[in-house]
2 protein chains.
Amino acid sequence: SDAQYSRNVPFETSPQAIRLYYFYNHWTMRVATYFFIWVDLSLALFEEPALFPLPFLATSIAEVLCLAAFFGRLMHFAKVTSQMVFWKDSKNICIMVTIVLTLIDLIIYGSLEAVNIRSVRWSRALRPIFLINFPESRQIRRALRSLRNTLPDILYVFLLFMFSVLIFSLMALKLFGDRGLKTAEGSPYFENILEIAFELYVLVTTANSPDVMMPAYDFNWWYSLYFITYIIINTYIFMSVFLAVVYSNYRKHLKNEIRKLAYLKRHKMMEAFNILKVKVGTEFVVEEAQWRRLAQMVAPDMSSAHLELLLRISDEGQKGHVDKMNFLRLADLLNIQVVTINIKRHPLETWVPRVYQSSTSLLVQKMVRHRIFVWVFDVIILINAIFIALDEKNPFISYAEWLFLSLYVIEILLKLYTYEPRAYFERKQFWNWFDTLIIIAALVATVANATIQSASKYNSQQILDIVLILRILRLLRVIISIQRFRIIVTTLINIGPTMLTFGGLVFVVYYAFAIIGMGVFHGKVQFFDPNSTAPDATVCGSPALRGSAFARGRYCKNNFNDLASSFIVLMELTVVNQWHVIADGFALVTHQAAKLYFILFHIVVVILIVNIFIAFVLEAFFVAYSLEKGEVETAIERKIQELG
Amino acid sequence: SDAQYSRNVPFETSPQAIRLYYFYNHWTMRVATYFFIWVDLSLALFEEPALFPLPFLATSIAEVLCLAAFFGRLMHFAKVTSQMVFWKDSKNICIMVTIVLTLIDLIIYGSLEAVNIRSVRWSRALRPIFLINFPESRQIRRALRSLRNTLPDILYVFLLFMFSVLIFSLMALKLFGDRGLKTAEGSPYFENILEIAFELYVLVTTANSPDVMMPAYDFNWWYSLYFITYIIINTYIFMSVFLAVVYSNYRKHLKNEIRKLAYLKRHKMMEAFNILKVKVGTEFVVEEAQWRRLAQMVAPDMSSAHLELLLRISDEGQKGHVDKMNFLRLADLLNIQVVTINIKRHPLETWVPRVYQSSTSLLVQKMVRHRIFVWVFDVIILINAIFIALDEKNPFISYAEWLFLSLYVIEILLKLYTYEPRAYFERKQFWNWFDTLIIIAALVATVANATIQSASKYNSQQILDIVLILRILRLLRVIISIQRFRIIVTTLINIGPTMLTFGGLVFVVYYAFAIIGMGVFHGKVQFFDPNSTAPDATVCGSPALRGSAFARGRYCKNNFNDLASSFIVLMELTVVNQWHVIADGFALVTHQAAKLYFILFHIVVVILIVNIFIAFVLEAFFVAYSLEKGEVETAIERKIQELG
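It should be emphasised that the depicted structure is a prediction, and the values quoted were computed from it without experimental measurement.

Here is what the cut-offs are and how they apply
Residues numbered from 1 in each chain as written. Chains lettered and ligands numbered in written order. Predicted model: local features only at pLDDT ≥ 70, side-chain atom pairs only at ≥ 80, totals over all residues. Heavy atoms only, no water. Helix = DSSP H or I, 4+ residues; strand = E, 2+ residues; numbered from the N terminus. Buried < 20%, exposed > 50% of the residue type's maximum accessible area, 1.4 Å probe, protein only. Contact = heavy atoms within 4.5 Å. Least-squares fit on C-alpha atoms with pLDDT ≥ 70 in both. Expected span 1.5 Å × (residues − 1). Polar contact = N/O pair within 3.5 Å; in protein donor to acceptor, adjacent residues only side chain to side chain. Axes fitted to C-alpha atoms, helices over the stretch in contact; angles between N-to-C directions. Parallel < 35°, antiparallel > 145°, perpendicular 65-115°, else oblique. Nonpolar A, V, L, I, M, F, W, Y, C, P; charged D, E, K, R; others polar. Phe/Tyr/Trp six-rings, centres within 6.5 Å; stacked < 30°, edge-to-face > 60°. Lys NZ or Arg CZ within 6 Å of the ring centre and 35° of its normal. Pairing = 2+ DSSP bridges. Core = buried A, V, L, I, M, F, W, Y, C linked by side-chain atoms within 4.5 Å. Salt bridge = Lys/Arg side-chain N within 4 Å of Asp/Glu carboxyl O. Buried area = accessible area lost by both parts, 1.4 Å probe. 1 Å grid on protein atoms, 1.4 Å probe; cavity = no way out; pocket = protein on both sides within 12 Å on 5 of 7 lines; lining within 4 Å. Points joined across faces, edges and corners; volume = space filled by probe spheres on them. Disulfide = S-S within 2.5 Å. Patch = residues over 30% accessible without salt bridge, like charges linked within 9 Å, V, L, I, M, F, W, Y side chains within 5 Å. Areas by Shrake-Rupley, 256 points an atom, 1.4 Å probe, with all protein chains shown as cover.

Caption draft 1: Expanded view of the overall build of chain A. Secondary structure assignment for chain A yields 30 helices and three strands. In chain A, which comprises 644 residues, the proportion classed as buried is 49%. Within chain A, contacts between residues separated by at least 24 positions form 70% of all contacts whose residues are at least 6 apart in sequence.

Here it is in structure tokens:
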């Protein structure tokens, strides 16, 4: 039943509706939905301004197809659920509105295109809505909801923060405005209130940190106090308060979600119980046969031993039926992974017992199990690291590379000889998998590279790069042998899936900002090859940038000319440093108001999303720490990975 | 007794020792200690390299005096406590060793000075130890202890982080090393493993964010993926993990401290009870008279009504004695502040009742109490803000300034007329105090400025600046009328005292780093007046800096030539941005190894102390939020301000 996967879709209970519902949740349908969402999103790669240009007709047909698919999916859902519930859900209405808006935009753009008028495909910024609002991306929606709940609290802090920035701007204007000071680049210093406010906002992000202070500091020692006060109040205290507000809301939200999910699960199981119950004695129960059928229907690939175990747990008194309380626990029971521990014999032992049990073989096994075996290979890895750092042009070193590779392969073979292979490659044995995969990948890449090289005397740069990276990644094996490192890395890997949720969230925001950025800044800044002789190559093809920090830093490739470049620029803006230089550059080639785009991006991504990310890592690490120290696993802890 | 102030000093119980102990805790002795500590620390202002130079003889005599005072204080303490306990306490030994080391250093330096050999006063970096280790600065010591407890956990994460940086450095060397790429400044790009490791460490701090990527990105689109991966893993994930580890240790430490303090308090009260107890019936109790004497001795300035109240609480059954359980509560009871609420009549009502109760007077009072009165003054403040933003050269505007000032004074007078003055200026009425002080300060400064101006026709820049700042600070009064803003600001002010603890901690670390920095970098970088004609003025007096980013950014005033400059440089390093430019600059004028000083500073201050600061603000805000929402005040919450 749904409760197992914490799904939450009210559906009708008629047999036809149930069949439809099963079909709705069938994996092919879900994969198809994801496929169309990704097609729709990736259209931005092919539309003007394109990475791989396609004619408008092709992209618009693809887009209409996607919209049709979304509409079909929605209609399917409408058939499954009741009318009332369908129209109450803001998700569905949101998708509908987006489909209609996109169609309108397509028609307007298409007809203007027909008469050769260029317009803007504004509806493209709405595409991430499909990704967010289909029931398949619950996680991203949760993260967004958490963000939305934080907004009211953040707003007041933000207003106070802006007020403080303005007060300081006013002070700066009065203190430095008519001193006639010059910045290091010779431009006037702090003479316009709007510019001051922008500079001080940038100072909060620390991006122009000592530079903005230097002219005043050079003029008079005491003015540095103004900047120190500003930094303490606005950079340190206010930014921490933002984190605190986001974090405290995140926690509150997490608790609420868990409570709500637990309630919904219980509610659904109650409904199922009410359908299946029969009266035995004084209480209502579910017959064992019924229970068995239900469990098998919900989890068809469960082994019969596992099923028997669950039944044994649920039917405590062996009475042949399951009472209400135990029935309600079914969903939780099904989620518990039962590890079937079989101490299997090594296959070689079965096939050639005499050889495997011989004294030489036993000695080898003893050696491999010994600590020194691990240490020896740690030392080999370190020597390998030194060889990698040396120049690989030397033929001796490239031979050594083969030696190291064969040593690693021998190590794995020896381990497989000693340990049972199926146990070694069990699902939970992450580190063994990691180890083997890295070695095999390095082996394959090195062999492929050598083959290509000897066959065509041609060095493929791409393959060489991959070989290099794989060769260096092998050094990560050192982590395996240090217990504390393994714990930290395991924690990081455990929170990996939820980090992907943030990846999704960031992607949605990036996509919308990239579409807007491409609309506004497309073609304003151009990248020329370093050897280009074009007259404006050093100012990115735009004379307005002459003498700007943007051109001086050779930032020409940081532009919005296609989706990939836009994403990289937005990533740089997320990292914050030098964002004011990029903002200034684009303001110079368009209008000063363009800075608002960059400030908005900073507020949304750095103040909100990055803080939520930090809050999430903090919470996840607290949980990991408390688990490690053997405390009770609470509901919060169990749910955290799911909720993000 | 000590338990009231959570002091924790084991002392002997003989009458003479008690007298000595009282004297030891007397406020004059403590003030004297603080005085000598500050004299000792401020000596750095007068010693070479000095802000205000004094001869070596003067500073060394002052230092010996301070050392004598510290030694005396320590001896006094040794008399009070038992020998065993004294020598067990690492604090005392620490101070002793520091005194001896400082004396040795002084003698060596002095004798070398006598034969005209310049040496380094290395022991000056040890001076903050006095500040930390005297019992008077418990708070800073607690913060340091919290830091120390975090170290083992941090260490493993740090090692893993360094390992990751090295792996990435190796990759960068292989990927970009022999491409022959050039940075924007034309220097070779990523060709030396040590340089790469430094650049990548700087990238973790985001200080060189897009610049370090641009050459590779210009060369090939795909290489940006390397940098994005690096930033996600090392900047975002590892830095969050550092915060998580620091925060989780901070919390654990906080809980332990509270538990320990509670235990110690109980233990001491038990000892006191065992001394004073007499047997009444079957149980041991303390007689009422005894109890009274004790309470009066501990808190001499308590009113008799208050004492009676406490006794009433402690002696529940009115039996004339206090039993054990209630006696143990005494320390907590003494800490509860009893607010004596008196609804006093307005003094004017007492003096001139007829005038004060007249209908005009009542109307005025009603007006002042009305909401519109607040709004009117908010509007006036906003108009004032606009006037401030305008040019104050206009005589009309400078007259308006007087108008605004008088309006504010009238507002306060009206409020004092309406509300009872003593209630208005009560201790808890922070905002009223704030309001009045700002207005009075602005009034005094403006009058002083006008007097000086008319008397001597001379504009004192300092006074003008102060007047300007005070004029703008008045705008903060707007905060008072917005409830949500007041809550946020009150929370910030409540955690203010503990923030000062961090100020102390930062001061200690800054001081040690500044002394070392002055020793190593003194005089290497010089600041010349912008109009100076010295040949090396543009390269800060050091030809090695020619063409460096340090000289280009006009960072010459960021030097270690005196204590104040050093502190400002360290502050800039704390803010992180452009720290690599400063580090590079000082490495150029000395040696590349100088970068280690800057990396160490980054690790200690940014990774450890700033994270503890953020952890503290987070915890304080959680407490404030939960209090605001009316949850139960737990022991943690009560203690947090004390512990920091």
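Caption draft 2: The arrangement of the relation of the copies chain B and chain A in detail. Of the transformation placing chain B onto chain A, the axial shift is 0.1 Å and the rotation is 180°, giving an RMSD of 0.3 Å. The transformation just described matches what one would write down for a two-fold rotation axis. When the interface residues of chain B are mapped onto chain A, 100% of them again lie at the interface, so the same face is used by both copies.

Caption draft 3: Fine view of helix 27 (residues 563-575) of chain A. All names here are of chain A. Taking 1.5 Å per residue as the helical rise, helix 27 with its 13 residues ought to reach 18 Å, and the 19 Å between its terminal C-alpha atoms agrees with that figure. Among the 13 residues of helix 27, 13 are classified as buried, and the element is accordingly described as predominantly covered. Between a side-chain oxygen at the N-terminus of helix 27 and the backbone nitrogen of Ala-564 the separation is 3.1 Å; the capping residue is Asp-562. Just beyond helix 27, the residue with positive phi is Val-576, at close to 85°.

Caption draft 4: Examining helix 8 (residues 193-204) of chain A more closely. All names here are of chain A. Over its 12 residues, helix 8 runs 17 Å from end to end, which matches the ideal 16 Å to within 8%, given 1.5 Å per residue. Turning to helix 8, its buried residues are Ile-196, Ala-197, Phe-198, Leu-200, Tyr-201, Val-202, Leu-203 and Val-204. Its side-chain oxygen 2.8 Å from the backbone nitrogen of Leu-194, Asn-192 forms the N-cap of helix 8.

Caption draft 5: Focus on the packing of helix 9 (residues 209-219) of chain B against helix 10 (residues 223-276) of chain B. All names here are of chain B. Across the interface, helix 9 lies against helix 10 with an axial gap of 7 Å and an inter-helix angle of 150°. Taken together, the axes of helix 9 and helix 10 lie roughly antiparallel to each other. Contact residues: helix 9 offers Val-212, Met-213, Ala-216, Tyr-217 and Phe-219, while helix 10 offers Tyr-223, Ser-224 and Phe-227. Among the residues forming the contact of helix 9 with helix 10, the class breakdown is seven nonpolar, one polar and no charged.

Caption draft 6: Structural view of the packing of aromatic side chains. Taken as a whole and assessed by the stated rule, the structure comprises 95 aromatic pairs over all chains. Ring geometry for Phe-176 of chain B and Phe-190 of chain B: centres 5.9 Å apart, planes at 40°, overall tilted. Taken together, the positions of Phe-176 of chain B in helix 7 (residues 138-176) and Phe-190 of chain B in the loop between helix 7 and helix 8 (193-204) put the pair 14 residues apart, joining distant regions of the chain. Judged by relative accessible area, which is 5%, Phe-190 of chain B ranks as buried. Over the face of the ring belonging to Phe-198 of chain A we find Lys-595 of chain A, whose NZ or CZ atom lies 4.3 Å from the ring centre.

Caption draft 7: The arrangement of the sheet that holds strand 1 (residues 278-280) of chain B in detail. All names here are of chain B. An order of 1-2-3 is seen for the three strands of this open sheet, with the pairing classed as antiparallel. Here the strands that pair on one side only, and so sit at the sheet edges, are strand 1 and strand 3 (321-323). In this sheet, adjacent strand axes meet at a mean angle of 55° when their direction is disregarded. Summarising the sheet, strand 1 and strand 2 (residues 283-287) pair through three bridges and their orientation is antiparallel.

Caption draft 8: Representation of the nonpolar core in the model. Membership of the largest hydrophobic core comes to 309 residues, with the highest contact counts inside it found for Trp-579 of chain A together with Trp-579 of chain B. Tallying contributions element by element places helix 29 (residues 594-628) of chain B first for this core, with 22 residues. In contact with Trp-579 of chain B, other than residues within four places in its own chain, are Phe-198, Tyr-201, Val-202, Thr-205, Ala-207, Leu-573, Phe-598 and Ile-599 of chain B. Within the second largest apolar cluster, 13 residues are counted, among which are Trp-291, Leu-307, Val-322 and Phe-327 of chain B.

Caption draft 9: Layout of unusual backbone geometry. In this structure, Thr-206 of chain A takes a positive phi of about 65° despite not being glycine. One can find Thr-206 of chain A in the loop between helix 8 and helix 9 (209-219). Residues other than glycine seldom take positive phi values, yet Arg-554 of chain B does so here, at roughly 55°. Checked against the element boundaries, Arg-554 of chain B lands in the loop between helix 26 (549-552) and helix 27 (563-575). Judged by its relative accessible area of 48%, Arg-554 of chain B is partly exposed.

Caption draft 10: Layout of the sheet that holds strand 3 (residues 321-323) of chain A. Residues and elements named next belong to chain A. The strand order across the open sheet built from three strands is 1-2-3, with neighbouring strands paired in antiparallel fashion. With partners counted over all chains shown, the strands left at the sheet margins are strand 1 (278-280) and strand 3, one partner each. Between one strand and the next, the sheet's axes are offset by a mean angle of 55°, whatever the strand orientation. In this sheet, strand 3 lies alongside strand 2 (residues 283-287) in antiparallel orientation, the contact comprising three bridges. Pairing of Val-285 across the sheet is with Asp-323, part of strand 3.

Caption draft 11: Quick peek at the pattern of salt bridges. With the rule as written, the count across this model stands at 30 salt bridges over all chains. Among the ionic pairs, Glu-619 of chain B bridges to Arg-251 of chain B, the shortest N-O distance being 3.3 Å. You can see Glu-619 of chain B sitting in helix 29 and its partner Arg-251 of chain B sitting in helix 10, a full 368 residues away along the chain. On the basis of relative accessibility, which here comes to 9%, the residue Glu-619 of chain B falls in the buried class. Here the residues in one salt-bridge network are Asp-40, Glu-47, Glu-63, Asp-105, Arg-121, Arg-124 and Arg-127 of chain A, joined through shared partners.

Caption draft 12: Structural detail: the interface of chain B and chain A. Each partner contributes residues to the interface: chain B has 92 residues there, and chain A has 92 residues. Summing both partners gives a buried area of about 8,600 Å² for chain B against chain A, and 71% of it is carried by carbon and sulfur. Three residues stand out in chain B for area buried against chain A, namely Lys-174, Tyr-236 and Lys-557 of chain B, and they jointly supply 8% of the buried area on that side. Taken together, the connections running from chain B to chain A amount to two salt bridges.

Caption draft 13: Seen up close, empty space enclosed by the protein. Per the counting criterion, the structure on display carries nine cavities of 30 Å³ or more. Space inside the largest cavity adds up to approximately 1,100 Å³. Considering the residues around the largest cavity, the lining is formed by 36 residues, among which Thr-206 and Ile-614 of chain A together with Thr-206, Met-239 and Ile-614 of chain B are closest to the centre. Secondary-structure elements contributing two or more residues to the lining of the largest cavity are helix 10 (223-276), helix 27 and helix 29 (595-628) of chain A together with helix 10, helix 27 and helix 29 of chain B.

Caption draft 14: How the structure looks around the state of the cysteines. All names here are of chain A. Taken as a whole and assessed by the stated rule, the structure comprises two disulfides over all chains. Residue pairing for Cys-540: its cysteine sulfur links by disulfide to Cys-556, the two sulfurs lying 2.1 Å apart. Disulfide Cys-540-Cys-556: torsion about the S-S bond near -70°, hence left-handed. Of this pair, Cys-540 sits in the loop between helix 25 (496-521) and helix 26 (549-552) while Cys-556 sits in the loop between helix 26 and helix 27, and the two are 16 residues apart along the sequence.

Caption draft 15: Focus on a nonpolar patch on the surface. Residue and element names in this part refer to chain A. Residues Trp-87, Ile-93, Val-97, Val-100, Leu-101, Ile-104, Ile-108, Val-120 and Trp-122 make up a contiguous nonpolar surface patch of roughly 780 Å² in combined accessible area. When residues in the nonpolar patch are grouped by element, the largest group, six residues, is from helix 5 (residues 90-114). Tracing the sequence through the fold places Trp-87 in helix 4 (residues 83-88).

Caption draft 16: Region of the structure containing the side chain of Lys-415 of chain B. Residue and element names in this part refer to chain B. Mapped onto the elements, Lys-415 comes out in helix 19 (residues 395-418). Among the residues examined, Lys-415 registers a relative accessible area of 16% and is labelled buried. Sequence-distant contacts of Lys-415, defined by excluding residues within four places in its chain, comprise Val-368, Phe-373, Tyr-424 and Asp-435.

What is shown is where atoms sit, not what they do.
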